[in-house]
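Commentary on secondary and tertiary structure
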Amino acid sequence: MGRAAIAVAVAGAAVLGGCTVQAPDGDGKRRSPVHIELPGDTPSPDRTPDDDGADGPSTAPAPPGDDKPSAAPAPPRVLWSRGDTGRDVRELQARLRQVAWLFDGPTGTYDESTERAVSGFQGKRGLPRTGRTDTVTWQRLQGMTREPGTWDLYLMGGQPADPPDARCTTGRVLCIDKTSRTLRWMIDGRTVSTMAVRFGSKGTPTREGVFSVYWKSRDHVSTLYDSPMPYAMFFSGGQAVHYSPDFAARGYAGASHGCVNVRDEGAIVELYAQVRDGDKVVVSW
């Protein structure tokens, strides 16, 4: 068989077997004349698996199941809800007061009015109106308000009393502490009752020292300021311990003219009934 016939036969076999015939390279040197790709072999390095041979990521369809919708995000964690109590609830209430969603308290108890205030705040900002304070609601409220101070948290009383002054440990004593803004009614070193109190302003300060009750007046009205001073127990000039409806309404947002105001009417009714003329009064920082 001549050379030409052999070449034709090999080329034909290559085509039938899935082969390609390589032409001489550009340098004129001849390489292996036949490159055979058998079924199942991996593609040549100079080819891509894409049908159109384009560069870039494969456009083959994603495996089944990749188009499933992602799971719904978990709801935000609830921090406080109706019935909860404590300092954190006081802070929540103090911040709600700052944005005019709550007007009472803080009381430290997550009550119905607090729940309504939270629900209103949530609705105004497009949040679910649950009335429960979750992490999202709390973050929004924090971002709109300032850190409450001590007397923001205890605006309407409820603060703990400091330890009593040493001068209060004997006898019958109205032990009044300007630092913690509390009054302890003490008998022989035992605390009978404790209540929040309010004092005079800088212009009309409440005097400090040791005094005694010299006069009680159940329905007294101030001759200087023409204001009611029910359950008044006078201890120093015109200064007395008495019930104050203004303190009951506004808390520490106001001040007295020098008297010691009590906001809990029920508590001072009981106190007035127990205190006698001559009982000691101690006013201290």
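See above for the structure.
Every chain is numbered on its own, with residues counted from 1 as its sequence reads. The predicted nature of this model means local features are confined to residues of pLDDT at least 70 and side-chain atom pairs, given and counted, to a pLDDT of 80 or more, with totals for whole chains, interfaces and linings taken over all residues. By convention in this description, side-chain values take in all heavy atoms of the structure and omit both hydrogens and water.

1. A look at the pattern of salt bridges
Salt bridges are identified by distance alone: a Lys or Arg side-chain nitrogen within 4 Å of an Asp or Glu carboxyl oxygen. Under the defined criterion, the tally for this structure stands at 13 salt bridges. We note a salt bridge from Glu147 to Arg95, for which the minimum N-O separation is 3.1 Å. Taken together, the positions of Glu147 in the loop between α4 (135–144) and α5 (150–153) and Arg95 in helix α2 (residues 87–98) put the pair 52 residues apart, joining distant regions of the chain. Only protein chains enter the accessibility calculation, which uses a 1.4 Å probe. A residue is then buried if its area is under 20% of the maximum for its type, exposed if over 50%, and partly exposed in between. Judged by its relative accessible area of 4%, Arg95 is buried. A salt bridge links Lys178 to Glu208; its shortest N-O distance comes to 2.9 Å. Remark: Glu208 occurs in the loop between β7 (190–198) and β8 (209–212) and Lys178 occurs in the loop between β5 (172–177) and β6 (182–187); sequence separation between them is 30 residues. Where helices and strands are cited, they refer to DSSP runs of H or I of at least four residues and of E of at least two residues respectively, numbered from the N terminus.

2. A short note on the packing of aromatic side chains
Aromatic ring pairs are defined here through the distance separating the ring centres and the angle between the ring planes. Two aromatic rings, drawn from Phe, Tyr or Trp (for Trp, its six-membered ring), form a pair once their centres lie within 6.5 Å of each other, and the interplanar angle then sorts them: stacked below 30 degrees, edge-to-face above 60, tilted otherwise. This model, assessed by the stated rule, comprises seven aromatic pairs. Judged by centre distance (5.2 Å) and plane angle (55°), the rings of Phe247 and Tyr252 are tilted. Like Tyr252, Phe247 is buried. Here the aromatic residues Trp151, Phe247 and Tyr252 are joined through ring pairs into a cluster of three or more. A ring has a charge above it when a Lys NZ or an Arg CZ is no more than 6 Å from the ring centre and no more than 35 degrees off the ring normal. In this structure, Arg181 is placed above the aromatic ring of Tyr252, and the distance from its NZ or CZ to the ring centre is 4.7 Å. A cation over an aromatic ring shows up here: Lys216 above the ring of Tyr272, its NZ or CZ 4.4 Å from the ring centre.

3. Let's talk about the nonpolar core
Among the nonpolar cores identified, the biggest contains 23 residues, and Leu174, Ile176, Leu183, Met233, Val241, Leu271 and Val281 are the most heavily contacted of them. Of all the secondary-structure elements, those providing two or more residues to this core are β5, β6, β7, β10 (228–236), β11 (239–243), β12 (260–262), α7 (265–274) and β13 (280–284). A per-element tally of this core places α7 first, with four residues. Apart from the residues lying within four places of it in its own chain, the contact partners of Leu271 are Leu174, Leu183, Trp185, Met195 and Met233. Definition used in this section: a nonpolar core is a set of buried Ala, Val, Leu, Ile, Met, Phe, Trp, Tyr and Cys residues joined via side-chain atoms within 4.5 Å. Within the second largest apolar cluster, eleven residues are counted, among which are Leu92, Leu102, Phe121 and Trp138. Working rule for contacts: check all heavy atoms of both residues, and any pair within 4.5 Å makes them a contact.

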